[in-house]
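Notes for the structure review
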Amino acid sequence: MNRIAESYVKLVLAVGQHDANYVDAFYGPAEWKQAAEAAGKRPLPELLAEARRLLAALPPLAPLAPSAASPVPGSAADAADELPLLRRRYLERQLSALAAHVEALGGLRRTFDEESKALYDAVAPVYDAAHFQAILDRIDHVVPGKGPLPARIEAYRRRFVIPPDRVDRVFAAAIAECRRRTAAHVALPPGESFTVAYVKDKPWSGYNWYQGGFQSLIQVNTDLPIYIERALDLAGHEGYPGHHVYNALLEQHLVRDRGWVELTVYPLFSPQSLIAEGTANFGVEVVFPGPERVVFERQVLYPLAGLDPGGAAQYDRLQELLRDLGYAGNEAARGYLDGKLTRDAAQAWLERYALMSPERAAQRLRFIETYRSYVINYNYGQDLVRRYIESRGGTADHPDQRWHEFARLISSPRLPSDLR
Ligand SMILES: [Zn+2]
């Protein structure tokens, strides 16, 4: 298995020579990366054949034991025996996704759903305009003023923009609190930390670049106004207990403790991304359950941002409703990439049903054009992760069990079809 894992890492690095977005993180032996760069763009058919050879070399697949409530947190029996099985399944799905991505680089076009199945091991549910319209009707009652909702919401949200010169101190406070709360429930690796940098002209609003050695670089895009809720969304998603903690725990428990080299590389267009994005989004709820979020925002973040905390409760209600519109972005992407919506129609859909400003909808379209069906990993990933953790007793009214299941999930190479 170690030999297959090593070949898999080298193959991911080779595919990365064809696609600069593909290798999201690599902290394995530097000479493997140098060798991949020296070899340049190896022919795609050669890479595909290599992926198939490795798939064929995997030992036969043993079934996972029926899902049972996990043993006492921290006990020796806690999920340990399951890990080698998960490893075998992980390598298989990551390799098949790699093969699918190589085919796409060679010009093969799949439908949106076929692509998400091949790359992320999942197909997102379809919602029609009426579904989103019902949510918009509820939002209509929360947003003050008269006239068309998109313009009204834009005007209302302007009151909640963090002034640019205060963004950094607000984020610093949000990150510190997310870290404090996470560390109370999850044993963080020694010396873990990250740096935050502010960037412009990117198709995303935030990004975590894991560096290895329990370090991350978190970039925040400042092209568009940053609203107050972004502080905890970003601190939780990119930092604690999201991407930074996820990558650091995988490095600690699987790379360092077990020597599983396959986790030193993170291919972006692979099933791992659904787990990464789904846990990062769900992690924001785990770290700030129920009303605790708005309490912290009102008491700490609003004053730091120089915003009036009087409007926090109403704005928080709006945020909850807006989150239900998350799937509207999938429909714009599916319609556009499947050729059923023009670019302009997809932009209009995002403005109308996802309530994005024209500038934000344009940024999202750039994201869709760059990352395609990756968009499902955020909302559908979050729902799959929530259902999985709740099915194991990690419900909102059992916070300790919820943290335990969350930490267990982000310390293992579990993949989307293992969640169902
Ligand atoms: Zn993310």
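Everything here concerns the structure above.
Residues take numbers from 1 onward in each chain, read along the sequence in its written order. Under the rules for a predicted model, residues below a pLDDT of 70 receive no local features and side-chain atom pairs below 80 are neither given nor counted, while totals for whole chains, interfaces and linings still include all residues. As a rule here, side-chain values come from all non-hydrogen atoms in the structure, and water together with hydrogens is ignored.

1. Looking at the coordination of the zinc ion
Here a donor is an N, O or S atom found within 2.8 Å of the metal, or within 3.2 Å if the metal is Na, K or Ca; sites may look incomplete because water is not among the atoms. Surrounding the zinc ion are the protein donor atoms His237 (NE2), His243 (NE2) and Glu277 (OE), which sit 2.0 to 2.1 Å from the metal. Mapped onto the sequence, the donors of the zinc ion take the spacing H-x5-H-x33-E. Here His237 is found in helix H9 (residues 229-239), whereas its partner Glu277 is found in helix H11 (residues 272-287), with 40 residues between them in sequence. Per residue, the accessibility class of His237 equals that of Glu277, and both read buried. Helix and strand assignments follow DSSP, with helices taken as H or I runs no shorter than four residues and strands as E runs no shorter than two, numbered in order from the N terminus. Burial classes follow relative accessibility: with a 1.4 Å probe on protein chains only, a residue under 20% of its type's maximum area counts as buried, one over 50% as exposed, and anything between as partly exposed.

2. Looking at the packing of helix H1 (residues 2-16) against helix H4 (residues 83-105)
Each pair of packed helices can be summarised by the angle the axes make with each other and by the distance between the axes. The angle between two axes is taken between their N-to-C directions and runs from 0 to 180 degrees, where each axis is a line fitted to C-alpha atoms and a helix contributes only its stretch in contact. In contact at an axis separation of 11 Å, H1 and H4 are set at 25° when each is read in the N-to-C sense. Compared by their axis directions, H1 and H4 come out roughly parallel. The two elements H1 and H4 meet at a crossing, and its hand is left-handed. Here H1 contributes Asn2, Ala5, Tyr8, Leu11, Val12 and Val15 to the contact with H4, which in turn contributes Arg87, Tyr90, Leu91, Gln94, Leu95, Leu98, His101, Val102 and Leu105. Only Asp, Glu, Lys and Arg are considered charged in this grouping, and only Ala, Val, Leu, Ile, Met, Phe, Trp, Tyr, Cys and Pro are considered nonpolar; every other residue, Gly among them, is considered polar. Residue classes in the contact of H1 with H4 are distributed as eleven nonpolar, three polar and one charged. Roughly parallel covers angles under 35 degrees, roughly antiparallel covers those over 145, roughly perpendicular covers 65 to 115, and oblique covers all other angles. Left-handed is the label given to a crossing in which the near helix is rotated counterclockwise from the far helix by less than a right angle, and right-handed is the label when the rotation is clockwise. A contact between two residues is defined here by any heavy atoms of the two lying within 4.5 Å.

3. Things to note about unusual backbone geometry
Going from Tyr240 to Pro241, the amide bond is cis rather than trans, its omega being 5°. In this model, Asp201 sits at a positive phi of 60°, which is unusual for a non-glycine residue. Within the element layout of this structure, Asp201 appears in the loop between strand S2 (193-199) and strand S3 (206-212). Positioned with a positive phi, Arg372 is a non-glycine residue whose angle comes to about 55°. Structurally, the position occupied by Arg372 is in the loop between helix H16 (358-371) and helix H17 (376-391). With relative accessibility at 17%, the residue Arg372 sits in the buried group.

4. Considerations on the nonpolar core
Soluble, globular proteins show a tendency: their nonpolar side chains are buried together. As used in this record, nonpolar core signifies buried Ala, Val, Leu, Ile, Met, Phe, Trp, Tyr and Cys residues forming a set joined through side-chain atoms within 4.5 Å. Counting residues in each nonpolar core, the largest one holds 136 residues, and the members touching the most others are Ile139, Ile228, Leu301 and Leu318. Setting aside residues up to four positions removed in sequence, Leu318 forms contacts with Ile139, Val142, Val143, Ile153 and Tyr156.

5. Some remarks on the pattern of salt bridges
Salt bridge, as used here, is a side-chain nitrogen of Lys or Arg placed within 4 Å of a carboxyl oxygen of Asp or Glu. Overall, the coordinates contain 32 salt bridges when judged by the stated rule. What emerges from the salt-bridge pattern is a single network uniting Glu82, Arg392, Glu405, Arg408 and Arg414.

6. Regarding the packing of aromatic side chains
Only Phe, Tyr and Trp rings are paired, with Trp represented by its six-membered ring, and only when their centres lie within 6.5 Å; those with planes under 30 degrees apart are stacked, over 60 edge-to-face, the remainder tilted. Scanning the model with the defined rule gives 25 aromatic pairs in all. When the ring of Phe367 is compared with that of Tyr371, the centres are 4.6 Å apart and the planes differ by 45°; the resulting orientation is tilted. Remark: Tyr371 and Phe367 occur in helix H16; sequence separation between them is four residues, near one turn of the helix. The structure contains a cluster of three or more aromatic residues connected by ring pairs, namely Tyr22, Tyr120, Phe269, Phe367, Tyr371, Tyr374 and Tyr378. Two limits define a charge over a ring: the Lys NZ or Arg CZ must be within 6 Å of the ring centre, and within 35 degrees of the ring normal. One residue, Lys10, lies across the ring of Trp32, its end atom 4.9 Å from the ring centre.

7. Looking at the sheet that holds strand S4 (residues 215-221)
Two strands qualify as a pair provided DSSP detects at least 2 bridges between them. Read across the open sheet, the three strands follow the order S2-S4-S3; overall the sheet is mixed. The sheet is open, and its two edges are formed by S2 and S3, each paired on a single side. When the angles between neighbouring strand axes are averaged without regard to direction, this sheet yields 20°. Strand direction decides the pairing type here: S3 and S4, joined by six bridges, are antiparallel. Paired with Tyr210 across the two strands is Ser216, which belongs to S4. Against the sheet, helix H8 (residues 167-183) engages S2 and S4, with an angle of about 155° to S2. Against the sheet, H9 contacts S2, S3 and S4, and its axis sits at roughly 30° relative to S3.

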